[in-house]
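Spelled out, the chains give:
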Amino acid sequence: MEITTQEFKHCDLISVKGRVDSATAPQFSKALETANDNGRFKLALELSELEYMSSAGFRALLAAQRNCKRYNRGEVVLVRVPDRIREALELAGFTELFKTFDDSVTAVGSF
Amino acid sequence: MPDHTFPAKFEFLDEIREQVANVARTNGFSEKAIYSLQLAADEAASNIIEHAYEGISDGTLFMSCTMNGDSIVITMRDHGTPFNPAEVREPNLKADLSERQIGGLGVYLMRKLMDTVTYKTSNSGNVLTMTKKRE
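This is a predicted model, so every value here is computed, not measured. (Residues numbered from 1 in each chain as written. Chains lettered and ligands numbered in written order. Predicted model: local features only at pLDDT ≥ 70, side-chain atom pairs only at ≥ 80, totals over all residues. Heavy atoms only, no water.)

**Description of the overall build of chain A**
Threshold: Only DSSP runs of H or I with at least four residues qualify as helices, and only runs of E with at least two residues qualify as strands; both kinds are numbered from the N terminus onward. Note that the radius of gyration is over C-alpha atoms, with the globule rule given as 2.2 Å times the number of residues to the power 0.38. Buried, partly exposed and exposed residues are distinguished by accessible area as a fraction of the type maximum, computed with a 1.4 Å probe on protein chains only: under 20%, between the cut-offs, and over 50%, respectively. Should any heavy atoms of two residues lie within 4.5 Å, those residues are counted as being in contact. A 1.4 Å probe and the Shrake-Rupley method give the accessible areas. Residues count as covered only by the protein chains that appear here. Asp and Glu count as negative and Lys and Arg as positive, but His and the ends of the chain are not part of the count. Charge positions come from single atoms, namely NZ of Lys, CZ of Arg, CG of Asp or CD of Glu.
For chain A, the helix and strand inventory stands at 4 helices and 6 strands. Scanning chain A from its N terminus toward the C terminus, one meets helices and strands in the order β-β-α-β-β-α-β-α-β-α. For chain A, the C-alpha radius of gyration of 12 Å lies close to 13 Å, the compact-globule estimate for 111 residues. Along the three orthogonal principal directions, the C-alpha set of chain A runs to about 30 × 25 × 25 Å. Taking all 111 residues of chain A together, the buried fraction comes to 51%. By sequence separation, contacts in chain A at least 24 residues apart represent 66% of the contacts at least 6 residues apart. Carbon and sulfur atoms form 44% of the exposed surface of chain A, whose accessible area is close to 5,200 Å². Distance between charge centres in chain A, computed from 15 positive and 16 negative side chains, equals 6 Å.

In structure tokens, the structure reads:
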């Protein structure tokens, strides 16, 4: 798994590549927590190169969404979610908890 | 295919998913089905590592992945604390963000992704068997 963060004025664009499972989810969580620690609560997660995500990754997404939305200070949105991962998120009932975008420009512009 | 033995550590989930994908691909499962099988196997193995072997660093997980007619059969055995997926409550997928529970989601996904999930426990260990028919 590889995570790259790009800071924009109104939000952070965080690209996640590779596989998020129980082994790598702690690193994924940490990246999201680091953004929060830096006072960044508007996060767009770019997932086009994400190959795989298990419920360990979903758990990290849920924790991040809760933390970002607290006090209305922000939100986590998902960008270019690959089909297989979108299907698993739907199965888990997660798609209604996250706005999704088809391109990062629109996602960044939404904040 | 004989049993594969893995140290019960998250670092081996990649190999577990790879084994399942190899058998499924060889036997003509679609890429969509292969992803589902990998996810179910990952969730099953993750639960064994996290719950059955909680606090145990040298546990062992045995997996076999075979075909029975048109169905793939994934079997996982462990010698940890019995963890019966049937006893895990189904998560409320309609709950809003603040009330959403993540516990039980792995088991829920296993049940949804596979045709059958059965669990047996005995003196010789715990056996989880999951099957899915090729479409």
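**Here we look at the confidence of the model for chain B**
To keep it simple, the criterion reads: One number per residue, pLDDT, summarises how confident the predictor is, and it ranges from 0 to 100.
Taken over all residues, the pLDDT of chain B has a mean of 93, while the share at 70 or more is 99%. Under the prediction, the complex receives an ipTM of 0.94, its pTM being 0.95.

**Description of helix α1 (residues 13–26) of chain B**
Using the following cut-off: In this analysis, the expected span of each helix is defined as 1.5 Å times one less than the number of residues it contains.
Here α1 of chain B spans 20 Å end to end across 14 residues, near enough to the 20 Å set by a 1.5 Å rise per residue. Turning to α1 of chain B, its buried residues number three or more, namely Leu13, Ile16, Arg17, Gln19, Val20, Ala21, Val23 and Ala24 of chain B. Buried residues belonging to α1 of chain B abut β2 (12–20) and β4 (50–53) of chain A together with β1 (4–7), α2 (31–52), β2 (60–68) and β3 (71–78) of chain B. At the C-terminal side of α1 of chain B, Gly28 of chain B shows a positive phi close to 80 degrees.

**So, the interface of chain A and chain B**
To keep it simple, the criterion reads: Joining two parts hides part of their accessible area as seen by a 1.4 Å probe, and the buried area is that hidden amount summed over both. Here, a salt bridge means any Lys or Arg side-chain nitrogen found within 4 Å of an Asp or Glu carboxyl oxygen.
With 25 residues of chain A in contact, the opposing surface of chain B contributes 28 residues. Interface area for chain A against chain B, summed over the two sides, is near 2,200 Å², with a carbon-plus-sulfur share of 60%. Among the residues of chain A in contact with chain B, Tyr52, Arg84 and Leu91 of chain A are the three that bury the most area, contributing 27% of the side total. At the boundary of chain A with chain B, the tally comes to 3 salt bridges.

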